[in-house]
Every structure is written in C-alpha cells, then in structure tokens.
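One letter stands for each residue in the lines below.
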Amino acid sequence: ALNVCEECDLSHSSLARANLSRANLSGANLRKAKLNSANLGFANLDGTNLSEATLNYARLSEANLSEANLSEANLSEANLMGATLARANLKGVNLRGAYLNDVNLNRADLKFANLSQANLRGADLNKADLKFAMLSAADLSGADLIGANLYMANLSGANLNRANLNGANLNG
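Notes on the structure in this doc start here. (Residues numbered from 1 in each chain as written. Predicted model: local features only at pLDDT ≥ 70, side-chain atom pairs only at ≥ 80, totals over all residues. Heavy atoms only, no water.)

**Comments concerning a nonpolar patch on the surface**
- Together, Phe112, Phe132, Tyr151 and Met152 line one region of the surface with nonpolar side chains, adding up to about 390 Å² of accessible area.
- The exposure class of Phe132 is partly exposed, given its relative accessible area of 35%. (Patch = residues over 30% accessible without salt bridge, like charges linked within 9 Å, V, L, I, M, F, W, Y side chains within 5 Å. Areas by Shrake-Rupley, 256 points an atom, 1.4 Å probe, with all protein chains shown as cover. Salt bridge = Lys/Arg side-chain N within 4 Å of Asp/Glu carboxyl O. Buried < 20%, exposed > 50% of the residue type's maximum accessible area, 1.4 Å probe, protein only.)

This is how it looks when you write it as structure tokens:
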C-alpha cells in the first residue's frame with residue numbers, strides 16, 4: 001500500500017478504487033489523476049494538486065485538503081464528511097450530490113463550483129468565495145456562511161434552515 005508519497009508526481013495516474021486511507025500525499029501532483037471510488041479517508045493531502053482529477057464516489061472523509069488545488073476536479077457523489085478544505089482552490093469543481101457534512105471550507109475559493117444537491121449540513125463556509133456557484137437543492141442547514149461571498153450564486157431550492165448568513169454578500 002502507498003503510505004508516503006510527499007511531493008511525488010502521480011499526475012495522470014489511474015488509481016481508481018485504490019486504498020489510500022491515511023496516506024501522506026502532502027504536496028503531491030495528482031493533476032488529472034483518476035481516483036474514482038478511491039479510499040482517501042484520513043489522508044493528508046495538504047497542498048496537493050488535484051486539479052482536473054476525477055474523484056467520483058471517492059471517500060475523503062476526515063481528509064486534510066487544506067490549501068489543495070481541486071480546480072475543475074470532478075467529485076460528484078464523493079464523501080468528504082468532516083474533511084478540511086480551508087483555503088483550498090475549488091474553482092469550477094463538480095461536487096454535485098457530494099457529502100460535505102461538517103466540512104471546513106473556511107476561506108475556500110468555490111467560484112463557479114457545482115454544489116447542487118450537495119449535503120453541506122453544519123459546514124464551515126466562513127469567508128468562502130461562492131461567486132456564481134450552483135447551490136440549487138443543496139442542504140446548507142446549520143451551515144456557517146459568515147462573510148461568505150454568494151454574489152450571483154444559485155440558491156434555488158436550497159435548504160438554509162438555521163444557516164448563519166451574517167455579513168454574507170447575497171447581492172445579484
């Protein structure tokens with residue numbers, strides 16, 4: 001099993017269904033990697049490049065993705081419950097139907113992200129940039145959106161029950 005691969009180059013790799021639970025991939029290059037249904041639970045992906053990677057149905061629960069680059073990545077139906085994505089680059093990411101309960105997305109860049117039908121219950125979206133994000137039918141109940149930028153975000157059918165929107169930009 002792959003346990004430590006700090007700053008290694010795994011770009012374009014095919015790692016579908018791989019068991020990378022608790023692996024240290026900090027700073028690794030996984031650009032355009034295929035990680036469908038991979039188990040990355042509790043993995044350290046701090047600062048990892050996962051841009052344009054395919055992670056449909058992947059398990060990333062409790063993973064550390066702080067400052068990771070996930071721009072244009074596909075994480076539809078992925079499980080990221082309890083993961084840390086603080087200050088991560090999630091521009092244009094596909095998180096449709098993903099499980100993001102209690103996720104830390106503090107100051108994350110989610111411009112143009114697809115979060116439709118995603119479960120963001122209790123998520124920390126403090127100062128997150130959700131400009132032009134698609135949040136239709138997303139569950140944001142109990143989410144913390146203090147100071148979040150929701151300019152031109154699509155919130156149609158979203159559940160905002162008990163969500164904290166203090167200081168959030170809802171213009172547009």
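**Brief notes about the packing of aromatic side chains**
- Within this structure, the stated rule accounts for two aromatic pairs.
- A ring pair is formed by Phe112 and Phe132, whose centres lie 5.0 Å apart and whose planes are at 5°; its orientation type is stacked.
- The exposure class assigned to Phe112 is exposed, which follows from its relative accessible area of 53%.
- Measuring from ring centre to ring centre gives 5.7 Å for Phe132 and Tyr151, while their planes differ by 90°; the resulting arrangement is edge-to-face.
- Members of the aromatic cluster, each reached through a chain of ring pairs, are Phe112, Phe132 and Tyr151.
- Lying over the aromatic face of Phe42, Arg22 brings its terminal NZ or CZ to 4.4 Å of the ring centre. (Phe/Tyr/Trp six-rings, centres within 6.5 Å; stacked < 30°, edge-to-face > 60°. Lys NZ or Arg CZ within 6 Å of the ring centre and 35° of its normal.)

**A short note on the environment of Ala16**
- According to the relative accessible area criterion, Ala16 is partly exposed, its value standing at 32%.
- Between the C-alpha atoms of Ala16 and Leu35, which are 19 residues apart in sequence, the distance is 4.3 Å.
- Discounting residues that sit within four places of it in the chain, Ala16 has contacts with Lys34, Leu35 and Asn36. (Contact = heavy atoms within 4.5 Å.)

**Things to note about the state of the cysteines**
- Overall, the coordinates contain one disulfide when judged by the stated rule.
- Here Cys5 engages in a disulfide with Cys8; their sulfurs sit 1.6 Å apart. The sign of the S-S torsion, about 115°, decides the handedness of the disulfide formed by Cys5 and Cys8: right-handed. Cys8 shares its class with Cys5; the two are buried. (Disulfide = S-S within 2.5 Å.)

**Observations concerning unusual backbone geometry**
- The phi angle at Glu52 is positive, at roughly 60°, despite the residue not being glycine.
- Positioned with a positive phi, Glu62 is a non-glycine residue whose angle comes to about 60°.

**Comments concerning the side chain of Ser71**
- You can call Ser71 buried: its relative accessible area is 15%.
- One polar contact links Ser71 to Asn69, side chain to side chain, over a distance of 2.9 Å.
- Among residues more than four places away in sequence, those in contact with Ser71 are Ser51, Glu52, Asn89, Leu90 and Lys91. (Polar contact = N/O pair within 3.5 Å; in protein donor to acceptor, adjacent residues only side chain to side chain.)

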